[in-house]
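# Per-entry structural report
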Amino acid sequence: MKQITSVQNPYIKSLVLLQEKAKERKKTGTFLIEGLREIELAVKGGYKIETILFLPEIISIDQINKYTNSQIDLIEISKEVYQKLAYRDTTEGILAIAKTKSFSLSDLKLPENPLILVAEAPEKPGNIGAMLRTADAANLDAVIIANPKSDMYSPNIVRSSVGCLFTNQIATGTTDEIIAFLKDNSINFYAATLQNSTGYHTQDYTKPTALVVGTEATGLSDEWRKASTQNIIIPMQGEIDSMNVSVAAAILIFEAKRQRGF
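The sections below set out a description of the structure shown in this document.

Criteria and thresholds
Residues numbered from 1 in each chain as written. Predicted model: local features only at pLDDT ≥ 70, side-chain atom pairs only at ≥ 80, totals over all residues. Heavy atoms only, no water. Helix = DSSP H or I, 4+ residues; strand = E, 2+ residues; numbered from the N terminus. Rg over C-alpha atoms; globule rule 2.2 N^0.38 Å. Buried < 20%, exposed > 50% of the residue type's maximum accessible area, 1.4 Å probe, protein only. Salt bridge = Lys/Arg side-chain N within 4 Å of Asp/Glu carboxyl O. 1 Å grid on protein atoms, 1.4 Å probe; cavity = no way out; pocket = protein on both sides within 12 Å on 5 of 7 lines; lining within 4 Å. Points joined across faces, edges and corners; volume = space filled by probe spheres on them. Nonpolar A, V, L, I, M, F, W, Y, C, P; charged D, E, K, R; others polar. Pairing = 2+ DSSP bridges. Contact = heavy atoms within 4.5 Å. Axes fitted to C-alpha atoms, helices over the stretch in contact; angles between N-to-C directions. Phe/Tyr/Trp six-rings, centres within 6.5 Å; stacked < 30°, edge-to-face > 60°. Parallel < 35°, antiparallel > 145°, perpendicular 65-115°, else oblique. Left-handed = near helix turned anticlockwise from the far one by under 90°.

Moving on, we get to the overall build of the protein. Counting its regular elements, the protein contains 10 helices and 12 strands. For the protein, whose C-alpha radius of gyration is 20 Å, the value lies close to the compact-globule estimate of 18 Å for 262 residues. When its C-alpha atoms are laid out on the principal axes, the protein stretches across 60 × 40 × 30 Å. Looking at the protein as a whole, 48% of its 262 residues qualify as buried.

Now the structure itself:
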């Protein structure tokens, strides 16, 4: 079995670059996963694992055997190398290099009566991760990111989603592409916005539905507001007129789930 003990090792340097640069992830078609639970969910989600790196002081080879096969390279690393690559102190001494997947709209496999979350231009990885966690909890049929500002395989998104990046069907595209996709598939879409809106709880989400949320700073673009089946609003009783986008998405999602009888 291969062993790497130096942080100056060229392969380790390439992994640091993979962590830090979206361009490198796109070029190689790979990304880094940290943590046993995250790797397990990635395997379950059909991601191909190429390499596993592990710190034997924390995790034994016997513990990771169920994630390995003859096509996966195993590399034993030192504590210094692990600390160089790991983002979290609480992970279990294991990292994996996996192949990325396509996020094409055409790859989505939707049921007859889908429930979808669309988020336009979310900027904060923490918000994206929180929405993916909510989508997993609600067992949504897909999460679509319009005009993405972040690489979905950013370590911050992988980490903040606690593996839910791998448990959801995800697609990305431009706003125009996604609106066309929803219309072509006869999916009603409800835009969460202040303008020309009605209470979110007054609408029927039991038919094919997409719930659309925008950024806290600028909200949704005009395209969504003009094309939506209905603009909706979450009534607020305080002094401000917006809330965290992941919280707003969760409120809308679970109202739709309530109407569908969970």
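As a further point, take the pattern of salt bridges. On inspection of all chains with the given rule, the structure shows four salt bridges. A salt bridge links R258 to E255, with the shortest nitrogen-to-oxygen separation between them at 2.8 Å. Of this pair, R258 and E255 are both found in helix α10 (residues 245–259), three residues apart, which corresponds to roughly one turn of the helix. Residue classification places R258 among the partly exposed positions, given a relative accessible area of 49%.

With that settled, the discussion passes to the layout of surface pockets. Here the idea is plain: a probe the size of a water molecule rolls over the atoms and shows the empty space left. Space inside the largest pocket adds up to approximately 430 Å³. Looking at the largest pocket, it is lined by 22 residues, and the ones nearest its centre are A192, T193, L194, D241 and S242. Secondary-structure elements contributing two or more residues to the lining of the largest pocket are β12 (230–233) and α10. Tallied by class, residues from the lining of the largest pocket come to 12 nonpolar, seven polar and three charged. Considering only enclosed or pocket space, the second largest pocket measures out at about 360 Å³ in volume. Looking at the second largest pocket, it is lined by 17 residues, and the ones nearest its centre are G45, K101, F166, N168 and Q169. Considering only residue class, the lining of the second largest pocket consists of seven nonpolar, six polar and four charged.

Now for the pairing of strand β2 (residues 30–34). Taking burial as the measure, the five residues of β2 include five buried ones, the bulk of the element. Burial along β2 is two-sided: the face carrying T30, L32 and E34 and the face carrying F31 and I33 are both buried. Pairing of β2 with strand β5 (residues 94–99), which is carried by five bridges, proceeds in the antiparallel orientation. Residue pairing for β5: I33 is matched across the bridge by A96.

Next up on the list: the sheet that holds strand β6 (residues 115–120). Two strands in a sheet stick together by hydrogen bonds in their backbones, pointing the same way (parallel) or opposite ways (antiparallel). With respect to topology, seven strands assemble into an open sheet ordered β8-β7-β6-β11-β9-β12-β10, the strand pairing being parallel. Pairing within the sheet leaves two strands with one partner each, and these edge strands are β8 (170–173) and β10 (198–199). Bridge analysis of strand β9 (residues 188–192) against β12 gives three bridges, and the strand direction is parallel. From the neighbouring strand, Y190 faces β12, where its bridge partner is Q230. Seen against the sheet, α10 touches β6, β9, β11 (209–213) and β12 and runs at an angle of roughly 160° to β11.

Time to look at the packing of aromatic side chains. Throughout the structure, instances matching the rule amount to eight aromatic pairs. When the ring of Y47 is compared with that of F166, the centres are 5.1 Å apart and the planes differ by 70°; the resulting orientation is edge-to-face. Within this pair, whereas Y47 is found in the loop between α3 (36–44) and β3 (49–54), its partner F166 is found in the loop between α7 (155–160) and β8, the two being separated by 119 residues in sequence. Assessed through its relative accessible area of 8%, Y47 is described here as buried. According to the relative accessible area criterion, F166 is buried, its value standing at 4%. An aromatic cluster is defined as three or more aromatic residues linked by ring pairs; in this entry it consists of F31, Y47, F103, Y153 and F166.

Two elements in contact, helix α6 (residues 125–138) and α10, have axes whose closest approach is 9 Å; the angle formed by their N-to-C orientations is 15°. With respect to α10, the element α6 is oriented roughly parallel. The element α6 and its partner α10 pack so that their crossing is right-handed. Of the residues in α10, those touching α6 at N127, A130, M131, T134, A137 and A138 are V245, S246, A249, A250, I253, F254 and K257.

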